[in-house]
Amino acid sequence: SDSERSDFSGYTLINGDMAEASEKGRDIYDVIVVGGGVVGSSTAYKAVQKSLRCLLIEQFSACHSRGSSLGKSRVIRHAYGSQMQYANMMPQAYNEWKQLEIKSGRTLLKKVGGLHTSTDKDSLLANQRCLEELGVEHEVMTNSDIKQRFPELSFTDDVMGVYEPSTSILNADLCVRALQDSFSAEGGKVLDMQKVTSLDRIPNGMQVVTDSGIFNCQKLILTPGPWINELLKHLGSTRLDIVVQPIEVLFYPALASKAPPRNIVSTDHHYLIPPYEYGGMTKVSFIPESKQRFAQTTDNRLSLNPNLRDNSSEMKSWREHITAEREKIAQFITKTLPGVSPQPSIVEKCMYSMTRDGGFVLDNHPEYPEVVVGAGFSGHGFKMAPVVGEILVDLALGCKPKYDISDMKFSRMIA
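Once a new chain begins, its residue numbering starts again from 1 and follows that chain's sequence as written. At least 70 in pLDDT is required for a residue's local features to be given in this predicted model, at least 80 for side-chain atom pairs to be given and counted, and no such filter applies to totals for whole chains, interfaces and linings, which use all residues. Side-chain measures were taken over the full set of non-hydrogen atoms in the model, leaving aside hydrogen atoms and water.

Points about the sheet that holds strand β16 (residues 281-286)
Okay, step 1: Strands pair, by our definition, only if DSSP identifies at least two bridges between them. Per the convention used, a helix needs a DSSP run of H or I reaching at least four residues, while a strand needs a run of E reaching at least two, with both numbered from the N terminus. Read from one edge to the other, the open sheet built from eight strands follows the order β6-β7-β5-β14-β15-β16-β13-β17, with strand pairing classed as mixed. With one partner strand each, in any of the chains shown, β6 (139-141) and β17 (346-355) form the two edges of the open sheet. Across the sheet, the axes of successive neighbouring strands diverge by a mean angle of 20 degrees, strand direction being ignored.
Okay, step 2: In the sheet, strand β5 (residues 114-118) pairs with strand β14 (residues 264-266) via three bridges, with the strands oriented parallel. Across the sheet, the residue bridging to glycine 114 is isoleucine 264, located in β14. For helices, the fitted axis covers only the stretch in contact; all axes are lines through C-alpha atoms, and the angles between them, taken along N-to-C directions, range from 0 to 180 degrees.

Observations regarding helix α2 (residues 38-49)
At 3.6 residues per turn, the α-helix brings residues three or four places apart onto the same side.
Okay, step 1: Here, expected helix span is obtained from the residue count minus one, scaled by 1.5 Å. Between the first and last C-alpha of α2 there are 16 Å, a value that for twelve residues agrees with the 16 Å anticipated at 1.5 Å per step.
Okay, step 2: Relative accessibility decides the category of a residue: with a 1.4 Å probe and only protein chains considered, values under 20% of the type maximum give buried, values over 50% give exposed, and everything between is partly exposed. In terms of burial, α2 is a largely internal element, eleven of the twelve residues being buried.
Okay, step 3: Contacts between residues were defined by any pair of non-hydrogen atoms, one from each residue, lying within 4.5 Å. Tucked inside the fold, the buried residues of α2 contact β1 (27-34), β2 (54-57), α4 (90-104), α7 (172-185), β12 (214-222) and α11 (385-396).
Okay, step 4: Within two residues after α2, serine 51 carries a phi angle of roughly 65 degrees, on the positive side.

Focus on the pattern of salt bridges
Okay, step 1: Just to be clear on terms, a salt bridge is a Lys or Arg side-chain nitrogen sitting within 4 Å of an Asp or Glu carboxyl oxygen. Summed over the entire model, instances satisfying the criterion amount to 15 salt bridges.
Okay, step 2: Aspartate 157 serves as the salt-bridge partner of lysine 147, at 2.4 Å between the closest nitrogen and oxygen. With a gap of ten residues between them, lysine 147 in helix α6 (residues 143-149) and aspartate 157 in the loop between α6 and β7 (160-164) connect regions that are remote in the sequence.
Okay, step 3: Ionic pairing is found between aspartate 241 and arginine 356, a salt bridge with its closest N-O pair at 3.4 Å. In this pair, aspartate 241 sits in the loop between α8 (228-232) and β13 (242-253) while arginine 356 sits in the loop between β17 and β18 (361-364), placing the two residues 115 residues apart along the sequence.
Okay, step 4: A residue is classified by how much of its surface remains accessible, and arginine 356, at 15% relative accessible area, is buried.
Okay, step 5: Linked through salt bridges whose partners overlap, the residues forming this network are Lys46, Glu96, Glu390 and Lys402.

Thoughts on the nonpolar core
Okay, step 1: Core analysis: the largest hydrophobic core is formed by 52 residues, its most contacted members being Trp97, Leu362 and Met384.
Okay, step 2: For this core, the secondary structure elements donating two or more residues are β1, α2, β2, α3 (84-87), α4, α7 and α11.
Okay, step 3: By residue number, the principal contributor to this core is α11, which donates eight residues. Buried Ala, Val, Leu, Ile, Met, Phe, Trp, Tyr and Cys residues form a nonpolar core when they are joined through side-chain atoms within 4.5 Å.

Here we look at the sheet that holds strand β8 (residues 168-170)
Okay, step 1: If you trace the three strands from one edge of the open sheet to the other, you get β3-β8-β4, paired in antiparallel fashion. In this open sheet, the two edge strands, each paired with only one partner strand, are β3 (74-76) and β4 (109-111). For this sheet, the mean inter-axis angle between neighbouring strands, taken without regard to orientation, is 30 degrees.
Okay, step 2: With three bridges joining them, β3 and β8 adopt antiparallel strand pairing.

With respect to the side chain of glutamine 92
Okay, step 1: Summarising the element assignment, glutamine 92 is placed in helix α4.
Okay, step 2: Under this definition, polar contacts are N or O atom pairs within 3.5 Å; protein pairs additionally need one hydrogen-donor-capable and one acceptor-capable atom, and for neighbouring residues in sequence, both atoms have to be side-chain atoms. For glutamine 92, the side chain forms a polar contact with the side chain of tyrosine 403, separated by 2.5 Å.
Okay, step 3: Leaving out residues up to four positions away in the same chain, glutamine 92 has contacts with Lys46, Val387, Glu390, Lys402 and Tyr403.

A look at the pairing of β12
Okay, step 1: The buried count for β12 comes to eight of nine residues, which makes it a mostly enclosed element.
Okay, step 2: In this structure, β1 lies alongside β12, joined through seven bridges in parallel fashion. Note on β12: the bridge partner recorded for aspartate 27 is phenylalanine 215.
Okay, step 3: Where strand β11 (residues 205-210) lies against β12, four bridges are found, and the strand directions are antiparallel. Bridging from a neighbouring strand, valine 209 pairs with isoleucine 214 of β12.
Okay, step 4: Relative to strand β19 (residues 371-375), β12 is paired through three bridges, and the arrangement is parallel. Bridge pairing links isoleucine 221 to valine 372 in β19.

Right under this line is the structure:
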């Protein structure tokens, strides 16, 4: 029976108190995950793969466009410079996406190759060493190599590069759908269109109250993206120093009779994805490190209320920043992409939620050890969601993750 079922980590799941709650008609779970973006969906899927009874709660519809997991394109690569704590996760992340692709019957990855360019030799050397340590195929490219191989790009003579053939595009929408479908197929339950109204500690677990009911669990995992502090308020006064930023996702058309980029390209400040989700249009944006610096210069008062993303007065203080970003991207395109128009044809909205140092938060809540928090993923978290999901479930079960997450503590980002 459920009241007797044990997990590999050594403690009994669905214990007597929970069984009693079940008899009173309340839904009970080993794990409840709140937040159904890519990280929450990955976490829920990992939970059912470990034979845990799991409920995934999402305040909007499944695979919605209100958060940070929307769209059809995300970059997946191994190179992470000197940040080996993230790079070490990438081989498993690649493998798990490929396994999900096979299981779901959907095409989730498109291999296009990726070129990282810089005038900073130390930056390039860090990526080269990272790829060498991981044993990933790559090629160090001189300026003349780049000009010969990538005639559609126009760089100054001091730019060099590292090319990683395995760099790919993840179809973001399909990835989230595949995760949720696989989660449901293995017995998981998705409860969408349900806003969490309270979180409370109960004997041997947590109680989650939504618009539609009361749900009990032994372990609670929070992965709500920009709404993390809105949920944390139910657990006391502790907040994370997370800045929520409105982001424009910009797509630029090719110029007549000229070739758009064929590969994913990153510089010290920008990245681009070749035509994929909209025919002939190149996606161009800032790289996460630039967003990190932007976050560090942003006053806390300007952190966007995610519930008011489309509110004109809420957006007023951000309009100048967004306009400046678009102008800088136009300058980059004019100088670097001769086959691409500097005027976007499609503009979509997104939200970034980032810590001040740009790193993840993967940790138990300091006052509620039965609650695990995953936050700060915007900019570089999508690609490693399957690994992050495994880590969050391990933390919920009291197991030591197999990756070094010592610099991803909750305590370093308490507001």
